[in-house]
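Here are the chains, one letter per residue:
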Amino acid sequence: MGDCIFCKIANKEIPSEFVYENEHIVAFNDINPTAPVHILVIPKKHVESLSELEDKNLMAELLDGVRLVTKKLNIKDYRTVINTGKEAGQEVFHIHLHIISGRPLKWPPG
Ligand code: AMP
Ligand code: ZN
């Protein structure tokens with residue numbers, strides 16, 4: 001979609017190293033990690049946010065993607081985050097699931 005940075009990453013218009021890829025999703029390291037492990041899982045198809053995600057098959061692919069990525073990289077304990085909307089911290093409006101790991105994570109996050 002237009003000038004969406006995550007579409008460009010998914011379409012390989014911007015060179016980026018994927019930690020995982022299949023027909024529906026790709027996963028890559030966050031450019032500004034908040035923990036020793038900080039990976040983003042995104043659909044290849046442009047969907048703005050969780051509020052716009054109507055495709056139940058794609059929902060399943062994204063969540064299964066988290067399972068596959070953590071399995072591949074042997075990540076045992078991790079947090080999965082989806083920020084939806086500006087006030088909730090969403091900065092890139094192409095849905096992405098954060099996988100955060102490698103340090104103790106406090107709850108609630110604040
Ligand atoms: P959010 O605030 O939930 O929208 O998360 C957006 C995330 O994308 C942030 O953690 C950014 O550090 C990350 N990010 C932005 N641009 C890039 C990029 N080109 N490659 C990798 N991660 C990025
Ligand atoms: Zn996009």
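These figures come from a predicted structure and were not determined experimentally.

The rules behind each value
- Residues numbered from 1 in each chain as written.
- Chains lettered and ligands numbered in written order.
- Predicted model: local features only at pLDDT ≥ 70, side-chain atom pairs only at ≥ 80, totals over all residues.
- Heavy atoms only, no water.
- Buried < 20%, exposed > 50% of the residue type's maximum accessible area, 1.4 Å probe, protein only.
- Helix = DSSP H or I, 4+ residues; strand = E, 2+ residues; numbered from the N terminus.
- Pairing = 2+ DSSP bridges.
- Near = heavy atom within 4 Å.
- Polar contact = N/O pair within 3.5 Å; in protein donor to acceptor, adjacent residues only side chain to side chain.
- Areas by Shrake-Rupley, 256 points an atom, 1.4 Å probe, with all protein chains shown as cover.
- 1 Å grid on protein atoms, 1.4 Å probe; cavity = no way out; pocket = protein on both sides within 12 Å on 5 of 7 lines; lining within 4 Å.
- Sits in = over half its atoms within 2 Å of the grid points.
- Nonpolar A, V, L, I, M, F, W, Y, C, P; charged D, E, K, R; others polar.
- Axes fitted to C-alpha atoms, helices over the stretch in contact; angles between N-to-C directions.
- Contact = heavy atoms within 4.5 Å.

Caption draft 1: A look at the pairing of strand 3 (residues 37-43). In terms of residue burial, strand 3 counts as a mostly covered element, since six of its seven residues are buried. Sheet analysis places strand 2 (residues 25-29) next to strand 3, joined by five bridges and oriented antiparallel. Along strand 3, the bridge assignment pairs Asn29 with Ile39.

Caption draft 2: Local environment of the site of ligand 1. Asp30, Gly89, Glu91, His96 and His98 are the nearest of the 16 residues found near ligand 1. Interatomic distance of 2.6 Å between a backbone N/O atom of Glu91 and an oxygen atom of ligand 1. Here an oxygen atom of ligand 1 and a backbone polar atom of Val92 are 3.0 Å apart. Protein coverage of the free-state accessible area of ligand 1, which is 500 Å², stands at 83%. With respect to the detected pockets, ligand 1 is housed in the largest pocket. It is helix 1 (residues 5-10) that contributes the most residues to the shell around ligand 1, three residues altogether. Residues belonging to the shell around ligand 1 are distributed by class as follows: seven nonpolar, seven polar and two charged.

Caption draft 3: Quick peek at the sheet that holds strand 5 (residues 97-101). Pairing is antiparallel in the open sheet, where five strands are placed in the order 1-2-3-5-4. A single partner strand is all that each edge strand has here, and the edge strands are strand 1 (18-21) and strand 4 (79-81). Here the strands of the sheet are splayed against their neighbours by 20° on average, with no regard to which way each runs. As paired strands, strand 4 and strand 5 are joined by three bridges and run antiparallel to one another. Of the residues in strand 5, the one forming a bridge with Val81 is His98. Where helix 2 (residues 56-72) meets the sheet, its contacts fall on strand 1, strand 2, strand 3, strand 4 and strand 5, and the angle it forms with strand 3 comes to roughly 150°.

Caption draft 4: Representation of the environment of Glu21 within the structure. Of note, Glu21 is situated in strand 1. Remark: the alpha-carbon pair of Glu21 and Pro109, spanning 88 residues in sequence, is separated by 29 Å. For Glu21, the side chain forms a polar contact with the side chain of Lys12, separated by 2.8 Å. At a separation of 2.9 Å, a polar atom in the side chain of Glu21 contacts the side chain of Lys44.

Keep in mind these numbers describe shape, not what the thing actually does.
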